[in-house]
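Spelled out from the first residue to the last, the chains are:
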Amino acid sequence: MKVSSAKVSKESKVHGGHHKNSLHSKRRSHHSILPLQPSDQLDQWSSVTVDMYSNHHQPQTSHTSTSRSSDYSAGGGNNGEPSGTGNKWASRLLKECARAISDKDSSKIHHLLWMLNELASPYGDCDQKLASYFLQALFCKATESGQRCFKTLISVAEKSHSFDSARKLILKFQEVSPWTTFGHVAANGAILEALDGEPKLHIIDISNTLCTQWPTLLEALATRNDDTPHLKLTVVVTANIVSSVMKEISQRMEKFARLMGVPFEFNVISGLNHLGELTKEALGVLEDEAIAVNCIGALRRVAVEERAAVIQMFRSLGPKVVTVVEEEADFSSTRYEFVKCFEECLRFYTCYFEMLEECFTATSNEKLMLERECSRGIVRVLACDDDQDNEGECERRERGSQWSERLKEAFSPVGFSDDVADDVKALLKRYRSGWELAQPHQNETGLYLTWKEEAVVWVSAWKP
Amino acid sequence: MAMAIDDAFEVDFSCYSTSTTTTTTTDDDPGCTWNDWGSPVVDWGSLSSERDEFQDLIESMMDDGMGFELARVENETSNSVSVSVSVSTDTMVVDDETNSGDSKGLRLVHLLMAAAEALTGATKSRELARVILVRLKELVSPNDGTNMERLAAYFTEALQGLLEGSGGGHSKHLITNGTHHHRDKHHQSDMLAAFQLLQDMSPYVKFGHFTANQAILEAVTHDRRIHIVDYDIMEGIQWASLMQALVSRKDGPPTPHLRITAVSRGNNGWRSIGTIQETGRRLVAFAASIGQPFSFHQYKLDSNETFRPSAVKLVRGEALIINCMLHSPHFSHRTPGSVASFLAGAKTLNPRLVTLVEEEVGPIGDGEFMGRFMDSLHHYSAMFDSLEAGFPMQCRARALVERIILGPRIAGSLNQIYRSRNEDESGPWSEHLSTVGFKPVNISFGNHCQAKLLLGLFNDGYRVEELANNRLVLGWNSRRLLSASIWTSPPDSDL
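Residues numbered from 1 in each chain as written. Chains lettered and ligands numbered in written order. Predicted model: local features only at pLDDT ≥ 70, side-chain atom pairs only at ≥ 80, totals over all residues. Heavy atoms only, no water.

**Things to note about the overall build of chain B**
Helix and strand counts for chain B come out as 14 helices and eleven strands. Per-residue burial for chain B yields a buried fraction of 59% across its 495 residues. When contacts within chain B are restricted to residue pairs at least 6 apart in sequence, long-range pairs at least 24 apart make up 78% of them. With the model as given, the accessible surface of chain B reaches about 19600 Å², and the carbon-plus-sulfur share is 51%. (Helix = DSSP H or I, 4+ residues; strand = E, 2+ residues; numbered from the N terminus. Buried < 20%, exposed > 50% of the residue type's maximum accessible area, 1.4 Å probe, protein only. Contact = heavy atoms within 4.5 Å. Areas by Shrake-Rupley, 256 points an atom, 1.4 Å probe, with all protein chains shown as cover.)

**Quick look at the pairing of strand β10 (residues 454–463) of chain A**
Residues and elements named next belong to chain A. Judged by how many residues are buried, β10 sits mostly within the fold: eight of ten residues are covered. Where strand β6 (residues 321–327) lies against β10, six bridges are found, and the strand directions are antiparallel. From the neighbouring strand, E327 faces β10, where its bridge partner is V457. Pairing between strand β9 (residues 447–451) and β10: five bridges, direction antiparallel. Bridge pairing in β10 places W451 opposite E454. As consecutive antiparallel partners, β9 and β10 are separated by two residues, and within that stretch K452 has a phi angle of approximately 50°, a positive value. (Pairing = 2+ DSSP bridges.)

**Thoughts on the packing of aromatic side chains**
Residues and elements named next belong to chain B. The full count for this structure, using the stated rule, is 27 aromatic pairs over all chains. Here F294 and F296 contribute two aromatic rings whose centre-to-centre distance is 6.5 Å and whose plane-to-plane angle is 40°, an arrangement assigned as tilted. Accessibility classification places F294 together with F296 in one group, the buried group. For the ring pair F458 and Y462, a centre distance of 6.2 Å and an interplane angle of 80° mean the geometry is edge-to-face. (Phe/Tyr/Trp six-rings, centres within 6.5 Å; stacked < 30°, edge-to-face > 60°.)

**What to know about the side chain of A:T445**
Along the chain, the position of A:T445 falls in the loop between β8 (435–438) and β9. Not counting the four nearest positions on each side in its chain, A:T445 is found in contact with A:S404, A:K408, A:P413, A:P440, A:W458 and A:W462.

**Here's the deal with the pattern of salt bridges**
Evaluation of the coordinates by the stated rule reveals 41 salt bridges over all chains. The residue B:R107 makes a salt bridge to A:E118 at a minimum N-O spacing of 2.3 Å. Placement of B:R107 in helix α3 (residues 101–120) and of A:E118 in helix α3 (residues 106–119) is noted, with the two residues assigned to different chains. The residues B:R107 and A:E118 share a single accessibility class, namely buried. Residues B:R479 and B:D375 are paired through a salt bridge, measuring 2.8 Å at the closest nitrogen-oxygen approach. On the criterion of sequence distance, the pair formed by B:R479 in strand β11 (residues 479–488) and B:D375 in helix α11 (residues 369–390) is long-range, its members being 104 residues apart. B:D375 matches B:R479 in its accessibility class, with the two residues each being buried. Sharing partners across several salt bridges, the network here consists of A:R300, A:R301, A:E326, A:E327, A:E395 and A:R397. (Salt bridge = Lys/Arg side-chain N within 4 Å of Asp/Glu carboxyl O.)

**Here we look at the pairing of strand β5 (residues 290–296) of chain A**
Residues and elements named next belong to chain A. Of all seven residues in β5, seven are buried, a share of seventy percent or more. Of the two faces of β5, the one lined by A290, A292, N294 and I296 and the one lined by I291, V293 and C295 are each fully buried. Summarising the sheet, strand β2 (residues 200–206) and β5 pair through six bridges and their orientation is parallel. Note that in β5 the partner of H202 across the bridge is I291.

**With respect to the nonpolar core**
Soluble, globular proteins show a tendency: their nonpolar side chains are buried together. Core analysis: the largest hydrophobic core is formed by 215 residues, its most contacted members being A:Y349 and B:F373. Per-element tally for this core: the top contributor is helix α13 (residues 338–359) of chain A, with 14 residues. Sequence-distant contacts of B:F373, defined by excluding residues within four places in its chain, comprise B:L112, B:M113, B:A116, B:F155, B:L159, B:L414 and B:I417. (Core = buried A, V, L, I, M, F, W, Y, C linked by side-chain atoms within 4.5 Å.)

**Some remarks on unusual backbone geometry**
Most peptide bonds take the trans form, and the phi angle of most residues other than glycine is negative. Residues and elements named next belong to chain A. You will see that E144, though not glycine, has its phi angle at about 55°, which is positive. Secondary-structure assignment places E144 in the loop between α4 (126–143) and α5 (146–160). Although it is not a glycine, E453 adopts a positive phi angle of roughly 65°. For E453, the location among the structural elements is in the loop between β9 and β10. Classification of E453 as exposed rests on a relative accessible area of 69%.

**Examining the confidence of the model for chain B**
Residues and elements named next belong to chain B. Mean pLDDT for chain B: 75, with 71% of residues reaching 70 or above. With pLDDT under 50 throughout, residues 62–99 is counted as low confidence; its partners more than four residues away or in other chains account for 105 contacts. The complex prediction reports pTM at 0.74, with the ipTM value standing at 0.73. (pLDDT = per-residue confidence, 0-100.)

**Observations concerning the packing of α3(A) against α4(A)**
All names here are of chain A. One can describe the packing of α3 onto α4 by two numbers: an axis separation of 9 Å at closest approach and a directional angle of 145°. By crossing handedness, the relation of α3 to α4 is classed as left-handed. Note on element contacts: α4 touches α3 through Q128, A131, L135, L138, F139 and A142, opposite I109, L113, L116, N117 and L119. Looking at the contact of α3 with α4 residue by residue, the class counts come to nine nonpolar, two polar and no charged. (Axes fitted to C-alpha atoms, helices over the stretch in contact; angles between N-to-C directions. Left-handed = near helix turned anticlockwise from the far one by under 90°. Nonpolar A, V, L, I, M, F, W, Y, C, P; charged D, E, K, R; others polar.)

**Some remarks on the environment of A:E344**
Residue and element names in this part refer to chain A. Of note, E344 is situated in helix α13. Classification of E344 by relative accessible area gives buried; the value is 12%. In the structure, E344 is positioned 142 residues away from H202 in sequence and 37 Å away in space, judged by C-alpha atoms. With residues up to four places along the chain from it excluded, the contact list for E344 reads A329, D330, F331 and R399. Looking at E344, its side chain comes within polar contact range of the main-chain nitrogen of D330, at 2.8 Å. (Polar contact = N/O pair within 3.5 Å; in protein donor to acceptor, adjacent residues only side chain to side chain.)

**Regarding the confidence of the model for chain A**
Looking at chain A as a whole, the pLDDT averages 81, with 79% of positions reaching at least 70. Residue range residues 67–86 of chain A is modelled with pLDDT below 50. Its contacts to residues more than four positions away, or to other chains, number 44 contacts.

**Remarks on the side chain of B:N459**
All names here are of chain B. The topology assignment puts N459 in the loop between α14 (445–456) and β9 (462–468). Looking at N459, the relative accessible area reads 4%, which means it is buried. Within the local environment of N459, its side chain forms a polar contact with the backbone nitrogen of G461, the two atoms lying 2.7 Å apart.

Here's what the structure looks like:
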């Protein structure tokens with residue numbers, strides 16, 4: 001057995017000496033029971049994470065799902081609250097732990113981490129899964145090992161990533177949920193309308209969607225009445241994971257475009273440290289091209305302080321339209337208040353996990369993989385310092401209203417036409433109930449996808 | 001001799017040798033040699049320790065035992081002091097088989113405490129309690145594993161019962177007649193066997209009986225008529241040995257007449273093996289067989305169990321004894337109200353002697369649920385340990401006793417603690433007797449010696465303490481388990 005140490009950071013409260021509690025004191029000091037891995041042995045932790053990723057190993061011998069069907073209210077709520085985290089044991093424990101960490105209450109931290117560790121499982125029900133992934137982040141936060149953990153999770157994901165698995169995953173997700181297709185359909189609609197009549201189109205796709213957005217657009221271009229325009233697609237990849245598969249994707253896209261009869265050119269830009277570094281030249285922007293900048297989940301990966309600069313950079317490209325799709329959550333304004341940020345993070349991922357639970361089958365591998373992908377974002381947001389250079393992995397989401405404020409510095413909003421709205425509604429009809437299109441209120445821009453009446457994805461279009 | 005009674009009653013009171021023949025047939029464990037505990041295979045001395053395992057477990061949770069250190073490390077980069085936590089067990093990847101026994105035991109205790117806290121603590125969460133219990137059930141079984149694991153299984157079941165019952169209403173159904181939803185109804189033969197085994201494997205039953213009987217004998221040396229009102233007669237084995245002693249007593253009037261009034265519940269909760277009537281018939285037959293003048297009466301309590309002393313038939317000149325065995329395996333179905341009513345009523349009868357045997361409760365802090373829960377855990381851990389220490393090879397026998405007797409006791413005990421958690425702490429009944437006005441009666445030297453001799457027949461770990469002039473306490477290692485106290489009516493109330 002290795003004896004090792006982890007540092008639980010705290011300023012003043014040290015419980016080193018008061019262990020002569022009576023057997024029956026109300027607040028027991030539980031730190032002796034902590035069965036967790038200390039951060040110095042993160043290799044062991046990462047082997048755990050690796051093990052978690054391999055389907056053959058289960059951390060617990062059997063894991064009875066702790067929810068009974070009658071207890072589990074899909075979406076979490078009464079009163080139409082889809083991600084009601086109030087009553088569930090996992091959210092209570094997790095929030096308590098976050099507070100304890102914020103208060104630097106060492107014994108409470110230990111007790112809660114221990115308890116969460118006992119009850120969590122990435123293979124159990126929603127509560128257990130959330131407990132498992134958030135426990136990881138809380139543990140990292142408490143032991144100041146977030147950065148290491150994050151890097152490990154990235155490398156694990158990169159090792160297990162392949163074109164086939166990624167493609168299968170995305171397609172399956174799109175089949176059972178409009179989470180991603182919503183943005184695609186709306187953005188495509190806006191792009192097509194904005195670039196209508198242009199002979200040379202250049203779409204700058206800043207996303208990690210593996211080009212699943214573009215076949216429909218190519219199809220639309222091909223079936224238009226007038227002459228098919230020339231399409232240049234420049235994909236800017238911000239996740240290292242994705243860049244490895246882009247070669248395969250470019251081949252497929254070129255083949256598809258040939259089939260569609262669309263003159264097509266495909267470029268990939270990857271390995272960027274900062275989006276703000278992009279230039280017209282680097283992107284190959286030509287004077288006679290009509291530019292569309294398409295950002296799917298890309299802005300949130302930009303460091304918060306650099307977001308304004310990136311938007312200005314977009315402006316400098318002279319686009320006719322900028323489409324932005326982001327998930328509706330705010331991890332940005334609360335980034336200096338751990339507990340608030342934690343609660344918002346929990347709210348969002350509870351909604352997401354519950355949605356996954358409902359949309360996929362119980363034993364779906366894809367669901368498991370999507371859940372695992374969340375672990376990186378959760379650790380990154382909750383347990384890593386922003387000032388550490390994470391190369392485009394910021395993950396601090398903002399709400400549509402917040403993005404709008406930023407974008408309004410350089411652009412003005414474009415409403416979505418009724419046709420596009422109809423297309424979106426038709427799309428949603430293809431999925432199970434629970435999904436709705438929400439039009440913005442007075443000062444809002446864009447369109448919202450709602451799941452059980454909670455806004456989850458935001459799409460917007462902008463012009464200079 | 002035509003003895004209608006089981007051989008179990010063949011207790012020769014004056015000789016202290018319990019040559020009980022094994023009448024049980026259910027335990028065919030080849031390692032079970034009931035009559036062999038006089039000749040131990042193992043050196044008891046090396047087995048018994050000053051402290052019991054449970055206490056060690058708890059202490060190590062509090063202290064820095066078990067290879068765990070909590071050290072302070074000065075953090076040089078900042079002025080803050082960080083706490084280093086070193087653990088020597090890597091249990092993040094929880095594979096139950098790789099846990100050492102101790103750390104698993106700790107874990108189980110911890111989980112039980114967490115569940116109990118979730119059920120009753122300041123921030124209650126039934127949902128959390130339920131989830132913890134699910135986890136516990138994955139880890140333990142009442143049939144295998146260590147003492148701690150089996151104990152944890154029974155406590156888990158008991159907590160589960162509280163969780164489900166706490167939706168409202170009485171939880172009496174938990175321990176009555178084996179209609180406990182976790183278990184099938186116990187077969188009579190199983191119950192008989194388990195009770196017999198408990199007597200053979202431990203002094204728990206006999207300690208109470210012998211101490212009470214000895215005090216009774218000493219109190220009635222010159223009496224011709226004795227009347228015993230027995231709160232919970234069960235199978236009546238206590239009286240078999242008393243009768244034998246009465247029949248063979250040398251001084252005083254020849255064999256006095258013995259009358260027993262058995263108090264019983266009107267409707268039946270968990271019943272003894274057989275009805276009160278059967279007990280009565282057995283005792284009558286036994287008395288006849290040894291020449292003891294005897295009569296048996298039954299007093300049926302009504303449904304709310306109020307004891308009406310006026311309904312007890314008294315005969316002038318008889319020595320009235322009140323016998324209150326509150327530690328019987330199935331005692332838990334008697335509510336405190338019922339006991340209080342009985343004792344209050346008994347007082348008005350001005351009995352010559354009151355014999356009280358009850359479970360001894362340890363320090364329980366502020367008397368709230370968690371403290372009493374921990375105490376209960378400690379209590380039954382000691383009992384499990386004591387059985388194992390005495391009979392380490394007889395796993396199946398012990399498992400039977402645990403299942404039939406101790407498991408339901410645990411459930412009943414927790415139930416009791418849970419139901420009274422918001423009320424004022426109810427102290428031990430011996431204190432109640434004192435408050436109500438009974439006076440203590442010294443336990444004789446002979447009685448105390450007899451207790452020691454009894455314990456000597458079992459494992460070294462048992463001890464008896466005289467905690468007050470009128471009170472003997474049986475314990476296992478450092479844990480006190482059973483209290484036997486003797487009382488009498490205050491002098492000027494003799495009518």
